[in-house]
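Remarks on the overall topology
Listed below, chain by chain, are the residues.
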Amino acid sequence: MVSVVRQNVVDLPTNFSLSYLWCGGFMISSFLVIQVVSGVILSLLYVADSGMSFACVLDFTAESLFVWLVRYFHIWGVSFIFLLFFVHMGRSLYYSSYSKLGVWNVGFLLYLLMMVEAFLGYILPWHQMSYWAATVLTSILNSVPLVGGSLYEFIVGGFGVTNVTLVRVFSAHVCLAFVIVGLSVVHLFYLHKGGSNNPLFVKSGYSDVVSFHSFFTQKDGFVLMVLLLFFGVLMLVSPDLVLDVESYVEADPLVTPVSIKPEWYFLAFYAMLRSVESKVGGLVLVLVFLFVLWLPTFNTSCAYSVIRQCVFWSGVCMFVLLSYLGACHPEVPFVAVSKIGGMAGVLFLCMFKGMWTVPYSGGLPVVGSI
């Protein structure tokens with residue numbers, strides 16, 4: 001066991017040129033530990049019942065200072081994880097790290113599972129926004145041809161979101177957390193097996209290496225301390241910043257909120273979903289976007305092409321714009337702009353993945369092939 005730790009952490013040969021952008025994996029893992037520990041504690045106190053869940057969650061705030069901290073650690077932790085996910089995936093796209101097939105495939109699967117996990121956790125407090133977000137998003141399943149009705153009834157547990165749904169969501173939320181932890185280990189295995197990318201995108205980049213400890217442990221530790229400090233300040237100064245006003249209103253199936261919207265990290269996909277008149281059309285747009293985002297190709301790094309950098313940052317701007325539009329009320333002109341922004345985002349992704357390709361040579365492309 002000691003030799004495994006030394007080989008994978010202490011004596012791991014790591015390229016000297018890796019910048020702070022390569023600290024993302026360690027940061028995500030650290031906050032994932034926070035989520036699992038805080039989630040286990042909260043699961044011991046939570047009651048999965050539509051008549052008691054909302055009061056139970058509110059009681060966490062008044063229970064004790066420790067439970068209050070655990071609850072807000074869990075609330076803020078998921079926001080930090082997705083923020084780190086976006087930076088981590090953005091760096092991977094910018095430097096074409098998706099050419100590392102094993103690492104990229106497992107990492108993208110982790111992103112999808114994390115979105116499912118976050119959505120399941122959002123339902124558990126059983127407040128107005130969580131109930132209606134669950135109702136709206138699960139209703140999309142009904143629009144799927146042939147198997148839509150059966151799939152909806154299987155997931156929801158009936159003809160609508162009820163107490164049965166809440167019990168299933170709680171079980172799935174707890175179990176999926178440990179699946180994500182297991183896949184994180186697989187992701188790390190592929191990373192150490194194939195090696196990491198480097199900012200220069202040089203195939204022989206591992207000729208100039210140092211041991212992971214203590215050069216990179218200090219760098220990762222410094223970034224973690226800064227993030228935890230920022231995390232603590234936000235949580236203590238404005239604990240409800242990432243919560244909607246409807247989070248303090250108990251779920252009422254007879255009263256629909258004026259504007260239904262999910263958490264901030266889902267807003268871009270939510271804007272795409274509602275930008276198309278039919279539910280199936282919106283779902284297809286989101287699936288196409290995710291497919292192109294996943295599609296591994298062999299491109300040169302953005303560091304070697306100014307035009308490719310422009311395409312990359314244009315795609316980022318489209319994603320940020322869609323996130324803003326997802327928080328707006330579904331009316332003119334926001335819906336039309338969301339449709340244009342969604343299609344433009346897919347177009348930029350297709351250009352980014354389909355152009356500047358190089359022949360596959362069994363590893364990273366070499367600089368001379370640019």
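Since this is a predicted model, take the numbers as computed values, not measurements.

What counts as what
Residues numbered from 1 in each chain as written. Predicted model: local features only at pLDDT ≥ 70, side-chain atom pairs only at ≥ 80, totals over all residues. Heavy atoms only, no water. Helix = DSSP H or I, 4+ residues; strand = E, 2+ residues; numbered from the N terminus. pLDDT = per-residue confidence, 0-100. Contact = heavy atoms within 4.5 Å. Domains from an automatic or database assignment. Buried area = accessible area lost by both parts, 1.4 Å probe. Salt bridge = Lys/Arg side-chain N within 4 Å of Asp/Glu carboxyl O. Polar contact = N/O pair within 3.5 Å; in protein donor to acceptor, adjacent residues only side chain to side chain. Nonpolar A, V, L, I, M, F, W, Y, C, P; charged D, E, K, R; others polar. Axes fitted to C-alpha atoms, helices over the stretch in contact; angles between N-to-C directions. Parallel < 35°, antiparallel > 145°, perpendicular 65-115°, else oblique. Expected span 1.5 Å × (residues − 1). Buried < 20%, exposed > 50% of the residue type's maximum accessible area, 1.4 Å probe, protein only. Core = buried A, V, L, I, M, F, W, Y, C linked by side-chain atoms within 4.5 Å. 1 Å grid on protein atoms, 1.4 Å probe; cavity = no way out; pocket = protein on both sides within 12 Å on 5 of 7 lines; lining within 4 Å. Points joined across faces, edges and corners; volume = space filled by probe spheres on them. Lys, Arg positive; Asp, Glu negative; His and termini not counted. Phe/Tyr/Trp six-rings, centres within 6.5 Å; stacked < 30°, edge-to-face > 60°. Lys NZ or Arg CZ within 6 Å of the ring centre and 35° of its normal. Patch = residues over 30% accessible without salt bridge, like charges linked within 9 Å, V, L, I, M, F, W, Y side chains within 5 Å. Areas by Shrake-Rupley, 256 points an atom, 1.4 Å probe, with all protein chains shown as cover.

Quick look at the environment of V209 now. Along the chain, V209 falls in strand β2 (residues 209–211). As a C-alpha pair, V209 and P13 span 196 residues in sequence and 5.7 Å in three-dimensional space.

Turning to the confidence of the model for the chain, a few remarks are in order. Of the residues in the chain, 92% reach a pLDDT of 70 or more, and the chain-wide mean stands at 86. Here residues 362–370 is modelled with pLDDT under 50, and outside its nearest four sequence neighbours on either side it reaches 18 contacts, counting other chains as well.

Further remarks concern the domain arrangement of the chain. Considered domain by domain, the chain is made up of domain 1 (11–199 + 212–245) and domain 2 (261–355). Averaged C-alpha coordinates put domain 1 and domain 2 at centres separated by 21 Å. Between domain 1 and domain 2, the contact holds 32 residues from the first and 30 residues from the second. Summed over both sides, the interface between domain 1 and domain 2 buries roughly 2800 Å², with carbon and sulfur atoms accounting for 72% of that surface. Across the contact surface, domain 1 and domain 2 share zero salt bridges. For the pair domain 1 and domain 2, the interface holds eight residue pairs in polar contact (both at pLDDT 80 or more). Of all the secondary structure elements, the ones that give two or more residues to the side of domain 1 that touches domain 2 are α4 (65–94), α5 (101–123) and α6 (128–139). At 10 residues, the largest contribution of residues to the side of domain 1 that touches domain 2 is made by α5. For the side of domain 1 that touches domain 2, a count of residues per class yields 24 nonpolar, seven polar and one charged.

Packed helices, taken two at a time, are described by the angle between their axes plus the distance between the axes. With their axes 8 Å apart at the nearest point, α5 and α6 run at an angle of 130 degrees to one another. In terms of orientation, α5 lies oblique with respect to α6. Seen from α5, the contacting residues are F119, Y122 and I123; seen from α6, they are M129, S130, A133, A134 and L137. In terms of residue class, the contact of α5 with α6 is built from seven nonpolar, one polar and no charged.

On to helix α8 (residues 163–194). A turn of α-helix holds 3.6 residues, and therefore any two residues three or four places apart point the same way. In a regular helix each residue adds 1.5 Å, so 32 residues correspond to 46 Å; α8 covers 46 Å between its end C-alpha atoms and thus fits that length. Those residues of α8 that fall on the buried side of the exposure criterion are T165, L166, V169, F170, H173, L176, A177, I180, L183 and H187. The inward-facing, buried residues of α8 contact α2 (24–45), α3 (53–63), α4, α5 and α7 (148–156). One or two positions beyond α8, positive phi appears at G195, with a value near 85 degrees.

What follows deals with the environment of I307. Among the structural elements, I307 can be located in helix α12 (residues 306–326). Through-space distance from the C-alpha of I307 to that of V47 is 54 Å; in sequence the pair is 260 residues apart.

Now for the nonpolar core. Soluble globular proteins tend to pack their nonpolar side chains together in the buried interior. Grouped together as the largest cluster of nonpolar side chains are 92 residues, with contacts concentrated most on F82, Y111 and F269. Ranked by the residues each element gives to this core, the list is headed by α4, at 15 residues. Of the domains in this structure, domain 1 (11–199 + 212–245) and domain 2 (261–355) are the two that each give at least three residues to this core. Setting aside residues no more than four positions away along its own chain, F82 makes contact with Y111, M114, M115, A118, W264 and Y265.

What follows covers the layout of surface pockets. Reported here for the largest pocket is a volume of approximately 1300 Å³. In terms of lining residues, the largest pocket is bounded by 47 residues, among which G25, F26, H187, L188 and L191 are the most central. Contributions of two or more residues to the lining of the largest pocket are made by α1 (2–10), β1 (13–15), α2, α4, α5, α8 and α9 (212–237). The greatest single-element share of the lining of the largest pocket, amounting to eight residues, is contributed by α8.

Counting through the fold element by element, R71 comes out in helix α4. For the buried R71, no salt bridge is present, and the opposite-charge side chain at shortest range is D240, 5.8 Å distant. Once you skip the residues sitting within four places of it in the chain, R71 turns out to touch L42, V57, F60 and T61.

What follows is about the packing of aromatic side chains. Overall, the coordinates contain 36 aromatic pairs when judged by the stated rule. Judged by centre distance (5.6 Å) and plane angle (50 degrees), the ring pair of F291 and W294 falls under tilted. Residue F291 and its partner W294 are located together in helix α11 (residues 279–294), separated by three residues, close to a single helical turn. One Lys or Arg, R308, reaches over the ring of F352 and ends 3.8 Å from the middle of that ring.

The next point concerns the side chain of K353. With respect to the secondary-structure elements, K353 resides in helix α13 (residues 334–354). Put simply, K353 is tucked away with no salt bridge, and the nearest opposite charge, on D220, sits 25 Å away. Within polar-contact distance, the side chain of K353 engages the backbone oxygen of L295 at 2.8 Å. Those residues in contact with K353 that lie beyond four places of it in its chain are L93, Y98, V292, L293, W294, L295, T297 and N299.

Let us now look at unusual backbone geometry. A cis amide bond, omega 5 degrees, links V332 with the succeeding residue P333. Positionally, P333 belongs in the loop between α12 and α13. Look at W126: it is not a glycine, yet its phi comes out positive at around 60 degrees.

Turning to a nonpolar patch on the surface, a few remarks are in order. Residues V40, L44, L45 and F178 make up a contiguous nonpolar surface patch of roughly 400 Å² in combined accessible area. When residues in the nonpolar patch are grouped by element, the largest group, three residues, is from α2. Relative to the helices and strands, L44 is located in helix α2.

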